[in-house]
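Residues per chain are reported as follows:
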Amino acid sequence: TATGGNYGAGIGGGYRGAGGNITIDGGTVTATGGDGAAGIGGGREGASGTITISEGAVTATGGSGGAGIGGGNNGAGGNITIDGGTVTATGNSGGAGIGGGYNAAGGTITISGGTVTATCDINAAGIGGGFRGDGGNITIIGGTVTATSGNIGAGIGGGRNGSGGTITISGG
């Protein structure tokens, strides 16, 4: 279990810091972001970095304006790959479940396996952009994926006031 301090990600960057390179290849991981930060990824005002999840049970919850997995408030989604495991990601107050934080685009998101559930409470996409963020490049080629926006954003694509981006779904 990892919990970010004020403005810090549960796993990843501190205030204004990108997430860096994060790989999860097994185990049970629970990560909660501090105010404005991602559960896994960027701190407040920090981009996601590169995140790869291959196995394990992963639960990630963003702080206010942060993605569950991806960018913090004002931080883009970066490069996010999920190819296995059971992943539950929840964005908060304009942060996507998986992708961009508040006011940021989704980045490049690829899902090729696993069971993925991504939600946000308001203004953002389940998978894709945060509030005012475009969806980015989203590819789903496998796995079981459930993506839900609580209000106003797309399930998969752009957040409130954001375009869908490039979305390819060929499996799953």
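The structure we're discussing is the one just above.
All figures in this text were calculated on a predicted structure; none of them were measured in a lab.

Novice: Break down the overall build of the protein for me, citing the residues and quoting the values.
Specialist: When its secondary structure is counted, the protein shows zero helices and 13 strands. Listed N to C, the secondary structure of the protein is β-β-β-β-β-β-β-β-β-β-β-β-β in terms of helices and strands. Counting only C-alpha atoms and orienting by the principal axes, one finds that the protein spans roughly 40 × 35 × 25 Å. A total of 172 residues make up the protein; the buried ones form 51% of that total. In the form shown here, the protein has an accessible surface area of approximately 6,000 Å², with 44% of it arising from carbon and sulfur atoms. Taken as two groups, the 4 positive and 7 negative side-chain charges of the protein have centres that lie 18 Å from each other.

Novice: Provide a residue-level description of the nonpolar core, including the pertinent values.
Specialist: Most often, soluble globular proteins have nonpolar side chains that are buried together. Residues I40, I53, I69 and I98 are the most contacted members of the largest nonpolar core, which totals 22 residues. Of all the secondary-structure elements, those providing two or more residues to this core are β3 (21-32), β5 (50-61), β7 (79-91), β9 (108-120) and β11 (137-149). Not counting the four nearest positions on each side in its chain, I69 is found in contact with I40, I51, I53, A60, I80, V87, A89, G97, I98 and G99.

Novice: Tell me what's going on with the environment of T144, and back it up with residues and numbers.
Specialist: Examined against the element boundaries, T144 turns out to sit in strand β11. T144 sits 28 residues away from G172 along the chain, and the two C-alpha atoms are 5.3 Å apart. Non-local contacts of T144, meaning those with residues more than four positions away in its chain, are made with G114, T115 and V116.

Novice: Give me the lowdown on the sheet that holds β11, citing residues and values where you can.
Specialist: By definition, the strands of a sheet pair up through backbone hydrogen bonds, in either a parallel or an antiparallel sense. Pairing in this open sheet of seven strands is parallel, and the strands run β1-β3-β5-β7-β9-β11-β13 from one edge to the other. Edge positions in the sheet fall to β1 (2-3) and β13 (166-171), since each of these pairs with one other strand and no more.

Novice: Help me get a handle on the pattern of salt bridges, residues and values and all.
Specialist: A pair can form between side chains of opposite charge whenever their charged atoms are brought close. For the coordinates displayed, the defined rule picks out two salt bridges. Measuring nitrogen to oxygen at the nearest pair gives 2.9 Å for the salt bridge that ties R16 to E45. Of this pair, R16 sits in the loop between β2 (11-12) and β3 while E45 sits in the loop between β4 (40-41) and β5, and the two are 29 residues apart along the sequence. On the accessibility criterion, R16 (55% relative accessible area) is exposed. Given a relative accessible area of 33%, E45 falls into the partly exposed group.

Novice: Quick rundown of the pairing of β9? Include the residues and the values.
Specialist: The sheet contact formed by β7 and β9 spans 11 bridges and is parallel. Considered in β9, the bridge of T88 is made with T117. Sheet topology places β9 next to β11; 11 bridges connect them, and they run parallel. Residue pairing for β11: C120 is matched across the bridge by S149.

Novice: Outline the sheet that holds strand β6 (residues 69-70), supporting the account with residue identities and numerical values.
Specialist: Spatially, the six strands line up as an open sheet ordered β2-β4-β6-β8-β10-β12, and their pairing is parallel. The sheet terminates laterally at β2 and β12 (156-157), the two strands that pair on one side only. Where β2 lies against β4, two bridges are found, and the strand directions are parallel. Along β4, the bridge assignment pairs I11 with I40.

Rules used throughout
- Residues numbered from 1 in each chain as written.
- Predicted model: local features only at pLDDT ≥ 70, side-chain atom pairs only at ≥ 80, totals over all residues.
- Heavy atoms only, no water.
- Helix = DSSP H or I, 4+ residues; strand = E, 2+ residues; numbered from the N terminus.
- Buried < 20%, exposed > 50% of the residue type's maximum accessible area, 1.4 Å probe, protein only.
- Areas by Shrake-Rupley, 256 points an atom, 1.4 Å probe, with all protein chains shown as cover.
- Lys, Arg positive; Asp, Glu negative; His and termini not counted.
- Charge placed at Lys NZ, Arg CZ, Asp CG, Glu CD.
- Core = buried A, V, L, I, M, F, W, Y, C linked by side-chain atoms within 4.5 Å.
- Contact = heavy atoms within 4.5 Å.
- Pairing = 2+ DSSP bridges.
- Salt bridge = Lys/Arg side-chain N within 4 Å of Asp/Glu carboxyl O.

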